[in-house]
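Summary of the model geometry
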Amino acid sequence: MARRSVRLLASIAAVATMVTTFAACGNKQATTDENGKPIVNILVRRNVTDHPMQDTQYTKDLEAACDCTIK
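Residues numbered from 1 in each chain as written. Predicted model: local features only at pLDDT ≥ 70, side-chain atom pairs only at ≥ 80, totals over all residues. Heavy atoms only, no water.

**What about a nonpolar patch on the surface?**
Rules: Patch membership requires more than 30% relative accessible area and the absence of a salt bridge. Residues of like charge join within 9 Å; the nonpolar side chains Val, Leu, Ile, Met, Phe, Trp and Tyr join within 5 Å. Note on areas: Shrake-Rupley with a 1.4 Å probe; residue coverage comes only from the protein chains shown. Salt bridge, as used here, is a side-chain nitrogen of Lys or Arg placed within 4 Å of a carboxyl oxygen of Asp or Glu. Numbering of helices and strands runs from the N terminus, with a helix taken as a DSSP run of H or I at least four residues long and a strand as a DSSP run of E at least two residues long.
Together, Leu8, Leu9 and Ile12 line one region of the surface with nonpolar side chains, adding up to about 320 Å² of accessible area. Among the structural elements, Leu8 can be located in helix H1 (residues 2-22).

**Focus on the confidence of the model for the protein**
Let me state the cut-off plainly: Across the chain, each position has a pLDDT score giving the predictor's confidence in that residue, from 0 to 100.
Averaged over every residue, the pLDDT of the protein is 77; the share at 70 or more is 80%. Here H1 stands out as the element of the protein with the lowest mean pLDDT, 74, in contrast to helix H2 (residues 57-66), whose mean of 86 is the highest.

**Some details on the side chain of Asp33**
What counts, and what does not: We call a residue buried when its accessible area falls under 20% of the maximum for its residue type, exposed when it is over 50%, and partly exposed in between, using a 1.4 Å probe and counting protein chains only. His is not counted, nor are the chain ends; Lys and Arg add positive charge and Asp and Glu add negative charge. The term polar contact refers here to a pair of N or O atoms within 3.5 Å; inside protein, the definition further demands a hydrogen-donor-capable atom paired with an acceptor-capable atom, and it admits residues adjacent in sequence only when both atoms are side-chain atoms. We call two residues contacting when some pair of their heavy atoms lies within 4.5 Å.
Note that Asp33 resides in the loop between H1 and strand S1 (39-40). It is Lys37 that comes nearest to the buried, bridge-free Asp33 among opposite-charge side chains, at 6.0 Å. There is a polar contact of 3.1 Å between the side chain of Asp33 and the backbone nitrogen of Gly36. Within the local environment of Asp33, its side chain forms a polar contact with the backbone nitrogen of Lys37, the two atoms lying 2.7 Å apart. If we skip the residues at most four places from it in the chain, Asp33 touches Ile39 and Thr69.

**Quick word on unusual backbone geometry**
Trans peptide bonds make up most of the peptide bonds, and negative phi angles are found at most residues other than glycine. In this model, Asp67 sits at a positive phi of 55°, which is unusual for a non-glycine residue. Inspection of the secondary structure puts Asp67 in the loop between H2 and strand S2 (69-70).

**Overview of the side chain of Thr59**
Residue placement: Thr59 occurs in helix H2. Here Thr56 takes part through its side chain, which lies 3.0 Å from a polar atom of the side chain of Thr59. If we skip the residues at most four places from it in the chain, Thr59 touches Met53, Gln54 and Ile70.

The following block contains the structure:
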């Protein structure tokens, strides 16, 4: 009887894990830009906020190196 309940709990845990894994697949945002390059979202913490991160040389160099669009 105990072995049966352990199997039941293990299968419930496995199903719950699969459901939460597939929940992230429902993204409706575009994954490529108009040129076919992938769009990459990067979170950066900066102490200087006087100009947008997209205008920095670092972002431009990173886009050129990885052949992507950084948002």
